[in-house]
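Summary of structural features
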Amino acid sequence: MTDTAPKPGLVLLVVSTAAFLASLDTFIVTIAFPGIRAAFPGDDLATLSWVLNGYTVLFAACLAPAGRLADRYGRKRLFLIGVAVFTLASAACAIAPSIPVLIGFRAVQAIGAALVMPTSLALLLTAFPPHRRPMAVGVWASVGAAAAALGPPVGGLLVEASWRWVFLVNLPICALTLLAGPRVLRESRDTGTGVPDLLGAAGLLVGVGALAYALVEAPDHGWGSPAVVAAFVVAVVALAWVPLRSARHAVPVLDLPALRVPTLWLACVTTGVFAAGFAAMLFGNVLFLTSIWHDSVLLAGLSLAPGPLMVVPVSILGGRFVHRFGPGPIVALGGVSFGLGVLIWLLRMDSTRDYASAMLPGQLLTGIGVGLILPSLSGVVGTVLPAARWGAGSSMVNTTRQIGTVLGTAVLVAIFAGTPDLTDFRHGWLLILATAVATSAGGLLIAARRRTDHHVELETHETQARSSAASPSSMRSTGIAP
């Protein structure tokens, strides 16, 4: 630990590198599916989807308590622990002897990634002065978005050697991050934050996991089968119980007082909706290229590269617009661009390979949309929450993003129901188009709120909670730690 002020540029490099890996591993496995399936014959698409969904479900469930733990015990400390866990789990995934073992090590990977994401954003916000935060957050979020979109093309190159390389590639980057992190990052914490609600996090894990299971398994077993119905019931009960428990716990998994800030909960909902469409787009396009156009894994990965290449430059430009106009209009514009790209696929893509006039324009427009949307939504935390809540706030935005990723992938698997044909892919693009429209609507709603109102609103809620805390029970009912 050092007492000197951190160099913002180096902090941005270190935390963005770790966030890049955490996001990359959400989607890089998608392009490795054919190789993994060939290595372990007998597992169907639904089972194989848990290599991706198992990671994402646990990632989503652990983000909120990870942010709370970081706020209490130190963001730098938890960040470095997360990178170390992620490194060891990546090595274990690379040598996994079976699909169940691979899924298990992916779960450990998810825990490490969940420690990295909220702490990286909180460390970044701490290192930069307020007037430079929109730019910094724009770069950080665009790196994460580019990583998710780069998963298929990078994976396509690595799978040419072996599917195991999609995990081995993490090791040297993680090692460099562990070497640089202790020297570059400065510790920060909020000593007033209590121990997070781990039981509530377990409820979120069960609820989201059960819902994803029901959606994935329903096409094969039937929507009325006992297992599917039971999974839906468990999901409803668990997801209804989590906010009830959060209202009574001192350090809840859901920061309900913060969600009273309109901009924050709108950002969370919009992030979840967009993430569902984004995940469905990446997963669906990989399958389209390899099954309908019969591209090789390498060619499919390279075909998807133009979208990610648009993300970083667009996000840097978009960060300037966010600073001037606010995040809402930029999110709405990004939703329009993303939707136009999907609409081109819906109207022009068919069984005849026509990359230049069908796939490529959609790739460019969706890449522009991603570059505008994700950085704008991620930056909301730094504008509407006090510094002591940045870890918890960023974890909530990222939690909804991961939940959206799980549900988007699960719904698409349900639509495809086995071996998809061209009609199934068009239904998938309609689903993605609907999320783009909803994202634009969310951006317009965010734009309708005045930013200055949110600080006052959150501070008012917290002041009222503290003044009314005449007893431990009243303090617990606010969901705010003393």
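Thresholds applied
- Residues numbered from 1 in each chain as written.
- Predicted model: local features only at pLDDT ≥ 70, side-chain atom pairs only at ≥ 80, totals over all residues.
- Heavy atoms only, no water.
- Axes fitted to C-alpha atoms, helices over the stretch in contact; angles between N-to-C directions.
- Helix = DSSP H or I, 4+ residues; strand = E, 2+ residues; numbered from the N terminus.
- Parallel < 35°, antiparallel > 145°, perpendicular 65-115°, else oblique.
- Left-handed = near helix turned anticlockwise from the far one by under 90°.
- Contact = heavy atoms within 4.5 Å.
- Buried < 20%, exposed > 50% of the residue type's maximum accessible area, 1.4 Å probe, protein only.
- Salt bridge = Lys/Arg side-chain N within 4 Å of Asp/Glu carboxyl O.
- Patch = residues over 30% accessible without salt bridge, like charges linked within 9 Å, V, L, I, M, F, W, Y side chains within 5 Å.
- Areas by Shrake-Rupley, 256 points an atom, 1.4 Å probe, with all protein chains shown as cover.

1. Digging into the packing of helix H11 (residues 262-291) against helix H15 (residues 355-378)
Running from N to C, H11 and H15 point in directions that differ by 155°, and their axes come no closer than 11 Å. When the interaxial angle is binned, H11 and H15 end up roughly antiparallel. Crossing geometry of H11 relative to H15 is assigned as left-handed. Seen from H11, the contacting residues are Ala267, Thr270, Thr271, Phe274, Phe278, Met281, Asn285 and Leu289; seen from H15, they are Met359, Gln363, Thr366, Val370, Ile373, Leu374 and Leu377.

2. Re the environment of leucine 21
As for its placement among the helices and strands, leucine 21 is situated in helix H1 (residues 8-39). Distance from leucine 21 to methionine 117, taken between C-alpha atoms, is 10.0 Å for residues 96 residues apart in sequence. Excluding residues that lie within four positions of it along the chain, leucine 21 makes contacts with Phe86, Asn170, Ile173 and Cys174.

3. Notes on unusual backbone geometry
Unusually for a residue other than glycine, histidine 294 sits at a positive phi of about 60°. By secondary structure assignment, the location of histidine 294 is in the loop between H11 and helix H12 (297-303). The class of histidine 294 is exposed, set by a relative accessible area of 62%.

4. Overview of the pattern of salt bridges
Across all of its chains, the model carries 2 salt bridges by this definition. Here aspartate 197 makes a salt bridge to arginine 245, at a shortest N to O gap of 2.8 Å. Of the two residues, aspartate 197 sits in the loop between helix H7 (170-184) and helix H8 (198-221) while arginine 245 sits in helix H9 (residues 226-246), which places them 48 residues apart along the sequence. Here aspartate 295 ties to arginine 353 by a salt bridge, and the two come within 3.0 Å at their closest N and O atoms. A residue pair is termed long-range when its members are at least 10 positions apart, and aspartate 295 in the loop between H11 and H12 and arginine 353 in the loop between helix H14 (327-348) and H15 qualify at 58 residues.

5. Description of a nonpolar patch on the surface
A surface patch of nonpolar side chains, amounting to about 350 Å² of accessible area, comprises Val336, Leu340, Leu343 and Leu347. Along the chain, the position of leucine 347 falls in helix H14. With a relative accessible area of 65%, leucine 347 lands in the exposed category.

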